[in-house]
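For reference, the chains in residue letters:
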Amino acid sequence: MGLALAGELGWRGIPCLVVEKGDGTITQPRMDFVGVRTMEFCRRWDIVPWVESAGYNRDYPQDCVWLTSLTGYELGRERFPSPRQETNPPQSPQKRERCPQDFFDPVLARFARSFAHVTLRYNCELVGFEEHAGGVHAKLVDRLSDKEESVEASYVVGCDGGASAVREQLGIGMSGSPLLTYTTNAIFRYDGLERLHDKAPGYRFIFIGPEGTWATIVAINGRDRWRLSIVGDETRRTLTEADVRAAIVRAVGREFDFEVLSIMPWIRRQLVAERYGTGRVFIAGDAAHLTSPTGGFGMNTGIQDAVDLGWKLEASLAGWGGPRLLASYELERRPVGIRNVTEATGNLNRMLAPRVHRPPGEIFETGPAGDQARKVFGDHYTEMMRREWFTLGIHLGYFYEGSPIIVPDGTPAPEDDVSRYIQTSRPGSRAPHAWLGEDRSTLDLFGRGFVLLRFGANPPRADRLVQAAQRRGVPLSVVDIEHEAASRLYERCLVLVRPDGHTAWRGDREPESALGIIDTVRGAGTVSGG
Ligand SMILES: Cc1cc2nc3c(=O)[nH]c(=O)nc-3n(C[C@H](O)[C@H](O)[C@H](O)COP(=O)(O)OP(=O)(O)OC[C@H]3O[C@@H](n4cnc5c(N)ncnc54)[C@H](O)[C@@H]3O)c2cc1C
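Residues numbered from 1 in each chain as written. Predicted model: local features only at pLDDT ≥ 70, side-chain atom pairs only at ≥ 80, totals over all residues. Heavy atoms only, no water.

Asks: Before we go on, may I ask you to explain the pattern of salt bridges in this structure?
Replies: A side chain of one charge can pair with a side chain of the opposite charge when the charged atoms of the two come close. Evaluation of the coordinates by the stated rule reveals 48 salt bridges. A salt bridge links R386 to E78; the shortest N-O distance between them is 3.4 Å. On the criterion of sequence distance, the pair formed by R386 in helix α10 (residues 368-389) and E78 in strand β4 (residues 74-78) is long-range, its members being 308 residues apart. R386 gets classed as partly exposed once you look at its relative accessible area, which sits at 36%. Under the relative-accessibility criterion, E78 is labelled buried at 11%. (Salt bridge = Lys/Arg side-chain N within 4 Å of Asp/Glu carboxyl O. Helix = DSSP H or I, 4+ residues; strand = E, 2+ residues; numbered from the N terminus. Buried < 20%, exposed > 50% of the residue type's maximum accessible area, 1.4 Å probe, protein only.)

Written out as structure tokens, the structure reads:
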């Protein structure tokens, strides 16, 4: 998350320093699913081709499959095209991507490094900090020389993972479930796994035995590297390499000569920090929320944190951000964190449902009775699992209800549906995508400062808003759009969009209280209506 925030800040021209206590090597990739909203940010940062060419086999089909073993019985599958063949959802100029962490981290690091004012320091640990009125005094230790150093910063953001020392020093607790499962992941290498069995290729295989769901295998690079996950339960077990090898053989259903590259025991949790920071020190990413990976929301939620925080830090440093701006980070992002980790646990429970209602023994037997039992069981599982596979609403439909820097317009909140996502310009929502020209999206207008969109042939005047923004030093550009589809999507003649691409205010006439609106959206006001 530190790399994404550094990239976002670098892109905004803000000097920053990333300290990472490790050397940057990723021994075992965790995330591999880059959601559509994250790809929209990559589009803004102009790094989409870097993600696409990072190394995942983009011709590898992305089916999800449930089965007794790779050489056993297939119970069902949800078909998905390869990343190359997948089309964009109509609501976005981008599509989701597959890019495991050991490919994605270097992309983000390259992006962050492309700014001369961003410094990445590896083997450097933050060991403490003191917050004072004018900034933060941070203590670092260079892990190669063991030398202590100190730096003065205006702000510190702890993107330091689930065991966050920053969160700890701030005394912030977490609420939720500290233990869902003790899980063991192992990466193994085998070129040509598909030749060992008769099943069609897939990205994720979910293995169901007489005891219920017990493991998954995912195609981590779409070529020769695979990740086995022995899901486990609430009992801690220490698995040896022999246990892991036996599990791989059980999942594949036959002996073969593979190489175990790494084994990682980890605890699956559902936790969200009770606060997201103080005046000058914040937490983001896994430091703020820990989730079951079922759904692939963890990093994607963290990158949204980084984008929400990025422009607020810029505004505060530049002086146009008001005193309530940075506090809105927690108010906007924490509810999204809670929503996403909750959904992920629901996905876990659905995946593990066959542990509660054990599969009938016939599904493991040959013959017509077995075929019939497999069809009934498989169809039910396929239906139940669809909620995890179709999550456009989770990725694009989050909105900042009740945020003090959003001006509500009195319209009811849209339904927050996991898979169904209807674009809206309602204040607090992600501003809609519409194609304005070839490969030119409305989303391409957003990012740097505020943007006031004026729709139609004779749009209402906006002079008062422009003058109010100038008076407060708020960067604001006005863009006139005469485009029927975009006008329809945006629902109002005037729509004010924030630097992170969320609507801050909308109306059909210029507001009387233009200065009040500008003060509210920059975190300095008390206006609660437009
Ligand atoms: C099996 C698995 C699969 C997943 N799949 C997905 C997926 O498909 N999509 C998705 O969005 N998410 C996924 N996730 C979640 C995702 O991996 C995490 O949300 C994400 O990696 C969190 O990033 P982070 O930077 O916040 O934390 P981390 O990745 O934990 O990074 C924190 C960094 O801070 C450093 N650090 C800690 N303390 C200090 C200190 N004091 N000084 C300096 N450095 C310090 C650490 O060395 C570490 O490098 C998955 C997770 C798992 C376990």
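From this point on, the discussion continues.
Asks: Would you mind going over the state of the cysteines with me for this structure?
Replies: One covalent bond between the sulfur atoms of two cysteine residues makes up a disulfide. In this structure the tally under the stated criterion is 0 disulfides. The thiol of C64 is not disulfide-bonded; the next cysteine sulfur, from C99, is found 18 Å away. For C64, a relative accessible area of 4% gives the class buried. Distance from the sulfur of C99, which forms no disulfide, to the nearest cysteine sulfur (C42) is 8.6 Å. (Disulfide = S-S within 2.5 Å.)

Asks: Help me understand the site of the ligand in this model?
Replies: Close to the ligand lie 24 residues, the nearest being M1, E20, R30, D286 and M299. Between an oxygen atom of the ligand and a main-chain N or O atom of M1, the distance comes to 2.6 Å. Take M31: an N or O atom from its main chain is 3.5 Å from an oxygen atom of the ligand. Considered on its own, the ligand offers 1,000 Å² of accessible surface; in the complex 85% of this is hidden by protein. Elements supplying a minimum of two residues to the shell around the ligand: β1 (16-20), β7 (124-132) and α7 (298-318). (Near = heavy atom within 4 Å. Polar contact = N/O pair within 3.5 Å; in protein donor to acceptor, adjacent residues only side chain to side chain. Areas by Shrake-Rupley, 256 points an atom, 1.4 Å probe, with all protein chains shown as cover.)

Asks: Mind showing me how you'd approach the packing of aromatic side chains here?
Replies: The geometry of an aromatic ring pair is captured by two quantities: the separation of the ring centres and the angle between the planes. For the coordinates displayed, the defined rule picks out 20 aromatic pairs. Measuring from ring centre to ring centre gives 4.7 Å for F256 and F258, while their planes differ by 45°; the resulting arrangement is tilted. When its relative accessible area of 10% is taken as the criterion, F256 is described as buried. Taken together, the ring pairs connect F41, W45, F111 and F115 into an aromatic cluster. Lying over the aromatic face of W11, R448 brings its terminal NZ or CZ to 3.6 Å of the ring centre. (Phe/Tyr/Trp six-rings, centres within 6.5 Å; stacked < 30°, edge-to-face > 60°. Lys NZ or Arg CZ within 6 Å of the ring centre and 35° of its normal.)

Asks: Can you help me understand the environment of G361 in this one?
Replies: Tracing the sequence through the fold places G361 in the loop between α9 (353-356) and α10. As for G361 and Y203, which are separated by 158 residues in sequence, their C-alpha atoms are 27 Å apart.

Asks: Got a minute to help me understand the sheet that holds strand β22 (residues 494-497) in this structure?
Replies: The strands that make up a sheet pair up through hydrogen bonds in the backbone, lying either parallel or antiparallel. Read across the sheet, 4 strands follow the order β21-β20-β22-β23 without closing on themselves; strand pairing throughout is mixed. Two strands lie at the open edges of the sheet, namely β21 (476-481) and β23 (503-507), each paired on one side alone. The sheet shows a mean angle of 15° between the axes of neighbouring strands, taken without regard to direction. Where strand β20 (residues 450-455) lies against β22, 4 bridges are found, and the strand directions are antiparallel. Bridge pairing in β22 links V451 to V497. (Pairing = 2+ DSSP bridges. Axes fitted to C-alpha atoms, helices over the stretch in contact; angles between N-to-C directions.)

Asks: Can you walk me through the packing of helix α1 (residues 2-11) against α7 in this structure?
Replies: Running from N to C, α1 and α7 cross one another at 35°; their axes reach a closest spacing of 9 Å. For the pair α1 and α7, the sense of crossing is right-handed. Across the interface between the two elements, A4, L5, E8 and L9 of α1 pack against I303, A306, V307, G310, W311 and L313 of α7. Here the residues of the contact of α1 with α7 are counted per class, giving 8 nonpolar, 1 polar and 1 charged. (Left-handed = near helix turned anticlockwise from the far one by under 90°. Contact = heavy atoms within 4.5 Å. Nonpolar A, V, L, I, M, F, W, Y, C, P; charged D, E, K, R; others polar.)

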